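Results of the structural survey
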Amino acid sequence: MIVELEFEKAGLKCTAIEQGRVTIAGTVSPIQIQEVGVALLNYGLELLDNKKSILVERIKQVIIDMIHHSENQLKTNFSDYLSDKLNLDYTYLANIFSDIQGITIEHFIILHKIQLVKQLIWQDELNLTEISWKLHYSSVAHLSTQFKKVTGVTPSQFKHFTFQSQTGLVNV
């Protein structure tokens with residue numbers, strides 16, 4: 001509703017609004033785009049009008065969906081999966097992503113997987129073996145090594161600090 005309202009304030013008619021995408025009827029001036037962009041920033045939203053930035057956001061969404069919403073392990077490697085999902089060559093996608101984000105797609109995937117591992121540890125519903133299986137790690141050791149490389153602590157240390165801070169024993 002906010003997005004549609006701000007576009008209408010700028011004199012633009014939205015014909016479709018989907019997650020991350022707005023379709024506008026008629027012609028759009030650069031001034032109108034700038035007005036909408038500034039207005040959306042007030043709500044913590046960003047208007048992407050650069051094709052490369054839009055593609056990077058689509059790549060991120062595919063990755064996030066895969067990590068957070070996929071229960072099944074990929075039957076193909078991720079580069080093929082991403083290429084198939086976006087109908088573009090993986091090398092092209094990887095180069096655009098690195099240029100815009102400053103990190104590789106692989107590193108982005110790792111960061112999001114570790115973020116989810118931390119959330120799952122904090123929820124304390126699954127043990128580390130179950131977490132590694134859920135996130136399609138080859139082993140608990142692989143997950144632990146990657147976790148420590150990203151966070152600087154082991155999953156066990158993270159869990160220990162998390163639960164001590166929840167009980168008020170440690171200020172983290």
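The sections below set out a description of the structure shown in this document. (Residues numbered from 1 in each chain as written. Predicted model: local features only at pLDDT ≥ 70, side-chain atom pairs only at ≥ 80, totals over all residues. Heavy atoms only, no water.)

**Focus: helix α8 (residues 140-151)**
- Helix length check: α8 (12 residues) gives 16 Å between terminal C-alpha atoms against 16 Å at 1.5 Å per residue, within 8%.
- Listed as buried for α8 are L143, Q146 and F147. Projection of α8 onto a plane perpendicular to its axis shows the buried side chains occupying an angular sector of 105 degrees, all on one side. Seen from the buried face of α8, the exposed residues on the opposite side, beyond 90 degrees, are A141, T145 and K149. (Helix = DSSP H or I, 4+ residues; strand = E, 2+ residues; numbered from the N terminus. Expected span 1.5 Å × (residues − 1). Buried < 20%, exposed > 50% of the residue type's maximum accessible area, 1.4 Å probe, protein only. Arc of directions from axis to C-beta.)

**Topic: unusual backbone geometry**
- With phi around 55 degrees, N87 is a residue other than glycine that occupies positive phi space.
- Inspection of the secondary structure assignment puts N87 in the loop between α4 (78-86) and α5 (90-101).
- Of the residues examined, N87 reaches a relative accessible area of 67% and is grouped as exposed.

**Some words on the pattern of salt bridges**
- Scanning the entire structure with this criterion turns up three salt bridges.
- Of the charged contacts, one joins E6 and K9 as a salt bridge, the two residues approaching to 3.4 Å between their closest N and O atoms. Residue E6 and its partner K9 are both found in helix α1 (residues 2-9); the two are separated by three residues, about one turn of the helix.
- Using a relative accessible area of 58% as the deciding quantity, one classes K9 as exposed. (Salt bridge = Lys/Arg side-chain N within 4 Å of Asp/Glu carboxyl O.)

**Topic: the environment of S29**
- Along the chain, S29 turns up in the loop between β2 (21-25) and α2 (30-41).
- In sequence terms S29 and L12 are 17 residues apart; their C-alpha atoms lie 9.7 Å from each other.

Fair warning: the whole summary comes from geometry, so function is off the table for now.
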